[in-house]
Amino acid sequence: MKAPIHLNALRAFEASARHQSFSAAAAELNVTPAAVGQLVRTLEDWLGSPLFVRGTSGRARLVATEAAQLALPDLRAGFDRLSVGLERLKEGSASGVLTVTVSPAFAAKWLLPRIERFHAAWPDTDLRLETSLKPVDFVSQWIDIGVRYGTGRWPGLVADKLMDEEVFPVCSPGLMRAGRRLKAPGDLANETLIHDLSMDSHADFPSWDEWLKKAGVSGVSTKRGTRINSSAAVLQAAIDGQGIALARSVMARDDLAAGRLVRLFPKIEFVSALAYFAVYRAERANLPRLVAFRDWLISEAAV
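Residues numbered from 1 in each chain as written. Predicted model: local features only at pLDDT ≥ 70, side-chain atom pairs only at ≥ 80, totals over all residues. Heavy atoms only, no water.

K.L.:
Looking at this model, I keep getting lost on helix 5 (residues 104-111). Mind explaining?
P.N.:
An α-helix turns once every 3.6 residues. As a result, residues three or four positions apart point the same way. Along helix 5, six of the eight residues are buried, which leaves the element largely enclosed by surrounding structure. Taken together, the buried positions of helix 5 are occupied by Ala 105, Phe 106, Ala 107, Lys 109, Trp 110 and Leu 111. (Buried < 20%, exposed > 50% of the residue type's maximum accessible area, 1.4 Å probe, protein only. Helix = DSSP H or I, 4+ residues; strand = E, 2+ residues; numbered from the N terminus.)

Here's what the structure looks like:
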């Protein structure tokens, strides 16, 4: 059998049998109905027997013969194996698409400002970013690698630590210039506090209450203020002068460096119990483009 010719004919036959229509098969295969019909006739000529009983009316005008129906499960299994083989050929190269899952805030505040450096180093690897606040299923959603914030334990995933994180208050330079008295943590009693609720359900996620306890401060109410479920939006509110935010150092790094935010009370150190990890399935650990992206993440995190 001339494989390239008859492989196309077999695909045309399988699609036609599944749809019971040359037109529907043509739409799936992105060719004309005439082309599908010709491929099927070529296969029938080679076999010396018909593959379909062709009706003239009713919904099912194209019905596979009994012999054809017996062959279809093996043909479909063969196509599935071909697809697996092609994927493995693709995995042997750094080129192709790498699907990455990150939180929207991490994408906006850390990953996207740096991503051009990865593209420059690996121009043949295309990234597809999936942003979500909730953990995703790596298998069902075809995720290759992700960055997660937590304790480093996620069932079924390898976790390589990227960065620890410190938590501290920040505000806009304009708020400081407005004559605010922010010399000591106790001065926060007169300010609007901005609360980050993005990981509020995680027991180890640091809050204003914990930071104030670390600072040895009482008399500052944390019951009021602005509450936002996005770390990026928390920082933007602080940049806009809407109050004092409890910032995460990884998220706030570029805003601090650019002068959009000012760190308050830098002598008080509070390291979060949570950290950032590159996560992926063990069976994908040797995928070249995954290795390239993971190593790039680790090098960027070390800067």
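K.L.:
Got a minute to help me understand the sheet that holds strand 10 (residues 244-248) in this structure?
P.N.:
Pairing between sheet strands relies on hydrogen bonds along the backbone, with the strands arranged either parallel or antiparallel. If you walk across this open sheet you meet the five strands as 9-8-10-7-11, and the pairing is mixed. Only two strands of the sheet have a single partner each, and these edge strands are strand 9 (226-228) and strand 11 (262-263). Of the strand pairs in this sheet, strand 8 (residues 193-196) and strand 9 are connected by three bridges, and their pairing is parallel. Following the sheet pairing, Asp 196 is matched in strand 9 by Ile 228. (Pairing = 2+ DSSP bridges.)

K.L.:
Looking at this model, I keep getting lost on the packing of helix 5 against helix 10 (residues 249-257). Mind explaining?
P.N.:
Helix-helix packing is characterised by the crossing angle of the two axes and by the distance between the axes. Look at helix 5 against helix 10: their axes get within 8 Å of each other, and the N-to-C directions meet at 35°. As for how helix 5 packs across helix 10, the hand of that crossing is left-handed. From helix 5, Ala 105, Phe 106, Lys 109 and Trp 110 reach across to helix 10, where they touch Val 250, Met 251, Arg 253, Asp 254 and Asp 255. Split by residue class, the contact of helix 5 with helix 10 holds five nonpolar, no polar and four charged. (Axes fitted to C-alpha atoms, helices over the stretch in contact; angles between N-to-C directions. Left-handed = near helix turned anticlockwise from the far one by under 90°. Contact = heavy atoms within 4.5 Å. Nonpolar A, V, L, I, M, F, W, Y, C, P; charged D, E, K, R; others polar.)

K.L.:
Honestly, the sheet that holds strand 4 (residues 125-131) in this entry has me stumped. Any pointers?
P.N.:
One open sheet holds the five strands; their spatial order is 4-3-5-12-6, and the pairing between them is mixed. If you trace the sheet from one side to the other, it starts and ends with strand 4 and strand 6 (158-163), each paired once. Between one strand and the next, the sheet's axes are offset by a mean angle of 25°, whatever the strand orientation. Contacting strand 3 (96-102), strand 4, strand 5 (145-150), strand 6 and strand 12 (275-280), helix 5 crosses the sheet at an angle of about 110° to strand 3. The strands touched by helix 11 (residues 288-301) are strand 3, strand 4, strand 5, strand 6 and strand 12; relative to strand 3, the strand with the most contacts, the crossing angle is about 45°.

K.L.:
What is the right way to read the environment of Val 40 from this model?
P.N.:
Its place among the elements puts Val 40 in helix 3 (residues 33-47). Given a relative accessible area of 0%, Val 40 falls into the buried group. Sequence spacing of Val 40 and Leu 10 is 30 residues, and the spatial spacing of their C-alpha atoms is 7.6 Å. With residues near it in sequence (within four places) discarded, Val 40 still touches Ala 12, Phe 13, Ser 16, Phe 22, Leu 51, Phe 52 and Arg 54.

K.L.:
What should I look at first to understand empty space enclosed by the protein in this one?
P.N.:
If you roll a probe as big as a water molecule over the atoms, it shows you where there is empty space left. Scanning all chains against the criterion turns up one cavity of 30 Å³ or more. Estimates place the volume of the largest cavity at around 30 Å³. Forming the walls of the largest cavity are Asp 196, Ser 231, Val 234, Leu 235, Leu 246, Ala 247, Arg 248 and Met 251. Mapped onto the lining of the largest cavity, the elements with two or more residues apiece are helix 9 (231-239) and strand 10. Taken together, the residues of the lining of the largest cavity sort by class into five nonpolar, one polar and two charged. (1 Å grid on protein atoms, 1.4 Å probe; cavity = no way out; pocket = protein on both sides within 12 Å on 5 of 7 lines; lining within 4 Å. Points joined across faces, edges and corners; volume = space filled by probe spheres on them.)

K.L.:
Is there a simple way to explain the packing of aromatic side chains in this structure?
P.N.:
What describes a pair of aromatic rings is the distance from one ring centre to the other and the angle between the planes of the rings. In the structure shown here, the tally under the stated rule is 12 aromatic pairs. Seen in terms of ring centroids, Trp 211 and Phe 265 are 6.1 Å apart; in terms of plane orientation they differ by 35°. Their pairing is tilted. Highlighted residues: Trp 211 in helix 8 (residues 208-215) and Phe 265 in the loop between strand 11 and strand 12, separated in sequence by 54 residues. One exposure class covers both Trp 211 and Phe 265, and it is buried. One aromatic cluster is present, formed by Phe 106, Trp 110, Tyr 149, Phe 205 and Tyr 276 through successive ring pairs. For the cation-ring pair, Arg 11 lies above Phe 79, with the distance from its terminal atom to the ring centre recorded as 4.3 Å. (Phe/Tyr/Trp six-rings, centres within 6.5 Å; stacked < 30°, edge-to-face > 60°. Lys NZ or Arg CZ within 6 Å of the ring centre and 35° of its normal.)

K.L.:
Can you help me understand the pairing of strand 8 in this one?
P.N.:
Residues in a regular strand project their side chains so that they alternate between the two faces of the sheet. Here strand 8 shows no split at all, with Leu 193 and His 195 on one side and Ile 194 and Asp 196 on the other all buried. The sheet contact formed by strand 8 and strand 10 spans two bridges and is parallel. What sits directly across from Leu 193, in strand 10, is Ile 244.

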